[in-house]
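# Tertiary structure, described
Each chain, written out:
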Amino acid sequence: MIGARPSTLVPMTTQVVLVGLMGAGKSSVGRVLAARLGREFVDADDAVVARTGVGIPELFRDRGEAAFRALEATTLGALLDDVRPKVIAAGGGAVVTAAVRERLRRSDVVVVWLDVDPGELHRRVGHDPGRPMLGDDPSAALRRLHTERSPWYREVADHVVSAGDGLTEQVAERAVAVLRRTPAVDVPDDRARVQVELGERSYPVVVGSGVIDELADVLPRGTRRVAVVTQPGVVAAGITVHPRLPHTVHEVAEGEDAKTFATVESLCRSWADIGLSRADAVVAVGGGVVTDVAGFAAAVYHRGIPVVHVATTLLGQVDAAIGGKTGVNLPEGKNLVGAFWQPSAVLCDVATLATLPVREYRSGMGELAKYHFLGGGELDRLPLPQRVARAAGIKAEVVSGDEREGGRRAILNYGHTLAHALEIAGGFDLRHGEAVAIGLVYAAELARVLGRIDRARVDEHRRVVAAYGLPGALPSGVDRDELVGLMGRDKKALAGLTFVLDGPDGVSPVTDIPRAALDAAFEATEEGR
């Protein structure tokens, strides 16, 4: 059939084109997607401006929409004909032109439609004066444009990706997922394997898109059946595992409130009811709450049975699931009761991060921010899988040298002393990673007060925290005496109040810090509010 896409011939170069209305995120998502695919990124609107030397609003005003559409079609055609593989963000109205639609339907183009509802688009761009198509009633204009253009987007699109929720990086991961199923697009293998070296108890941490499917391959040899521990939210997100063995599913409640002795007892009793034995294994599927609780229950049930962690949150993948620390909370403090119980393997499937609630995703960024100062360098410049693998590698190296936190492993608690105190004090509506971000800034200010680092190093802490969209100031209404008391109870306190602080030789524990220094750091951190 003339005009139909051939089903067997794959072109040498297939261009990836993002389409969608203004504000859908084509340019921001396109940059991240291009980095993930190892391609050049081109914004077609920028290419029109470069070609004419005139801005888009001025082109509309001085030459009219018809002339602009002709320029747009010519420019986009030239980009598509270029043999260099690219990710191209097409203009929001490019599909209005029949010739453009015909060109986008050719076999050397894969089109991804970033779909966003008009209400969200209005929130994003409704007050932008540089949008000539919006006129005097942006809300009505966006509703009309969405109705008019959706059939054209649908006509040219090979894939539709919901872009109305989630951070830019999450939307890009959704696009990666659909492109991975497209034979014409070469999506680089992003899998990495990190080894936690602990002699006979060594185990792999596998990072990448789709590694959740490797579960059956990493279960201990001889495993007869599996008890899968997860949460309702994980199941609702469609995240399931297939151990290829007889298995049962055991759900625990959401949130830190689930990290209790009662939850551990409930899991152990349910395992006893089904006759789970040492020849079986536990698979923890979820974030830090699930891996902490399921890991602790596995450590004490029959005095220890194997556990595999399938981390589905960013915080779990870069920190909580790796290293064997398990535990539950007491009213007096976080993770005060637990055990070191190393998993048999950890799977970090970055594809599961695409559907995380935005705040949960950002919370994981707090732990990533920590790794910037533990040897990670400019982690924010790396594509997501490489970033996760790099953080996992740092933790694996530290754990391999100090399994039970007798020395260097304490550096992994950087930013956590104040963070845990803020979480326990409550009333501040903080997620763990948000509290860690504040703790990082506070620790940097404290190190400066003690003369360990200079202002430039503090500013770098603030830059990293801000780059991840995290808070860097103490919340209003903090009670310093309460926080100091809670920090003194922290399980890392060995001799007086202990803080992990930056310094000329890197991050290390510091003890017996005077109250005056703590207060000076509180004041400096409050100033950033």
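Residues numbered from 1 in each chain as written. Predicted model: local features only at pLDDT ≥ 70, side-chain atom pairs only at ≥ 80, totals over all residues. Heavy atoms only, no water.

The next point concerns the overall build of the chain. Within the chain, the secondary structure is distributed over 19 helices and 16 strands. Whereas a compact globule of 529 residues would reach a radius of gyration of roughly 24 Å, the chain reaches 26 Å, a difference of no more than 12%. Judged by the C-alpha coordinates and their principal axes, the chain covers about 75 × 60 × 40 Å. Looking at the chain as a whole, 55% of its 529 residues qualify as buried. Of the roughly 22,000 Å² of accessible surface on the chain, 51% is carried by carbon and sulfur atoms. Taking the average place of the 61 positive charges on the side chains of the chain and the average place of its 69 negative ones, the gap between the two points comes to 3 Å. (Helix = DSSP H or I, 4+ residues; strand = E, 2+ residues; numbered from the N terminus. Rg over C-alpha atoms; globule rule 2.2 N^0.38 Å. Buried < 20%, exposed > 50% of the residue type's maximum accessible area, 1.4 Å probe, protein only. Areas by Shrake-Rupley, 256 points an atom, 1.4 Å probe, with all protein chains shown as cover. Lys, Arg positive; Asp, Glu negative; His and termini not counted. Charge placed at Lys NZ, Arg CZ, Asp CG, Glu CD.)

For the rest of this paragraph, the subject is helix α2 (residues 44-52). Turning to α2, its buried residues number three or more, namely Ala 44, Ala 47 and Val 48. The buried residues of α2 occupy one face: seen down the axis, they fall within an arc of 100°. Of the surrounding secondary structure, the elements contacted by the buried residues of α2 are β2 (40-43), α3 (56-81) and β3 (86-89). The N-capping residue of α2, defined by a side-chain oxygen 2.9 Å from the backbone nitrogen of Asp 45, is Asp 43. Positive phi shows up at Gly 53, right after α2, with a value of about 75°. (Arc of directions from axis to C-beta. Contact = heavy atoms within 4.5 Å. Polar contact = N/O pair within 3.5 Å; in protein donor to acceptor, adjacent residues only side chain to side chain.)

The next subject is the pattern of salt bridges. Any two side chains of opposite charge can pair if their charged atoms end up close together. In total, this model carries 44 salt bridges according to the counting rule given. Arg 381 is the partner of Glu 378 in a salt bridge, and the nearest nitrogen-oxygen pair spans 2.5 Å. The salt bridge involving Asp 519 is made with Arg 515; its shortest N-O contact spans 3.0 Å. With Asp 519 and Arg 515 both in helix α19 (residues 515-526) and four residues apart, this pair spans about one turn of that helix. Through salt bridges that share partners, Arg 480, Asp 481, Arg 515, Asp 519, Glu 523 and Glu 526 make up one connected network. (Salt bridge = Lys/Arg side-chain N within 4 Å of Asp/Glu carboxyl O.)

Glancing now at the sheet that holds strand β4 (residues 109-115). What the five strands build is an open sheet, ordered β2-β3-β1-β4-β5; its pairing is parallel. The open sheet terminates on both sides in strands that have one partner only, identified here as β2 and β5 (159-162). For this sheet the average axis-to-axis angle between neighbouring strands, irrespective of direction, equals 25°. Of the strands in this sheet, β1 (15-19), β4 and β5 are in contact with helix α7 (residues 168-180), which crosses β5 at around 155°. (Pairing = 2+ DSSP bridges. Axes fitted to C-alpha atoms, helices over the stretch in contact; angles between N-to-C directions.)

The predicted structure's coordinates, where accompanied by low pLDDT, should not be read in detail. The pLDDT averaged across the chain works out to 92; a share of 96% of its residues lies at or above 70. Confidence drops under a pLDDT of 50 for residues 1-11, and excluding neighbours within four residues, the segment shows twelve contacts in the predicted structure. (pLDDT = per-residue confidence, 0-100.)

Turning our eyes to something else, we now look at the packing of helix α13 (residues 358-376) against helix α14 (residues 384-401). Where α13 contacts α14, the two axes come as close as 10 Å, and the packing angle between them is 60°. Overall, the two elements α13 and α14 adopt an arrangement that is oblique. The interaxial crossing formed by α13 with α14 has left-handed handedness. For the pair α13 and α14, the contacting residues are Tyr 361, Met 365, Leu 368, Tyr 371, Leu 374, Gly 375 and Gly 376 in the first and Leu 384, Arg 387, Arg 390, Ala 391, Ile 394 and Lys 395 in the second. Looking at the contact of α13 with α14 residue by residue, the class counts come to eight nonpolar, two polar and three charged. (Parallel < 35°, antiparallel > 145°, perpendicular 65-115°, else oblique. Left-handed = near helix turned anticlockwise from the far one by under 90°. Nonpolar A, V, L, I, M, F, W, Y, C, P; charged D, E, K, R; others polar.)

What follows concerns the environment of Asp 459. Mapped onto the secondary structure, Asp 459 falls in helix α17 (residues 455-467). Overall, the relative accessible area of 38% leaves Asp 459 in the partly exposed class.

What follows is about the pairing of strand β10 (residues 281-286). For β10, the buried fraction is high: six of the six residues fall into the buried class. Of the two faces of β10, the one carrying Ala 281, Val 283 and Val 285 and the one carrying Val 282, Ala 284 and Gly 286 are both buried. As judged from the four bridges shared by strand β8 (residues 226-230) and β10, these two strands associate in the parallel manner. Paired with Val 229 across the two strands is Ala 284, which belongs to β10.

What follows is about the nonpolar core. If you look at the biggest cluster of nonpolar residues, it comprises 76 residues, and the most contacted ones within it are Val 205, Leu 314, Leu 418, Leu 446, Phe 499, Leu 518 and Phe 522. The dominant element in this core, judged by the number of residues it contributes, is helix α16 (residues 432-449), at eleven residues. If we skip the residues at most four places from it in the chain, Leu 446 touches Phe 499, Leu 501, Ile 513, Ala 517, Leu 518 and Ala 521. In terms of nonpolar packing, the next biggest core, distinct from the first, is built from 59 residues, Ala 94, Met 133, Ala 141 and Val 176 among them. (Core = buried A, V, L, I, M, F, W, Y, C linked by side-chain atoms within 4.5 Å.)

On to the packing of helix α5 (residues 118-125) against helix α6 (residues 138-156). Orientation of α5 relative to α6, taken along the N-to-C sense of each, is 135°, at an axis distance of 9 Å. By the angle between their axes, α5 is oblique relative to α6. Our pair here, α5 against α6, has a crossing hand that is right-handed. Of the residues in α6, those touching α5 at Pro 118, Leu 121, His 122 and Val 125 are Pro 138, Ser 139, Leu 142, Arg 143 and His 146.

Here we take up the sheet that holds strand β9 (residues 247-251). Taking strand neighbours across the sheet as the criterion, the seven strands line up as β6-β7-β14-β11-β10-β8-β9 in an open arrangement whose pairing is mixed. The sheet terminates laterally at β6 (192-196) and β9, the two strands that pair on one side only. Here the average twist between neighbouring strands, direction ignored, is 15°. Direction of pairing for strand β7 (residues 203-208) relative to strand β14 (residues 345-349): parallel, over a ladder of four bridges. Considered in β14, the bridge of Val 207 is made with Cys 348. Across the sheet, helix α11 (residues 288-300) lies against β8, β10 and β11 (307-311), angled at about 170° from β10, the strand it touches most.

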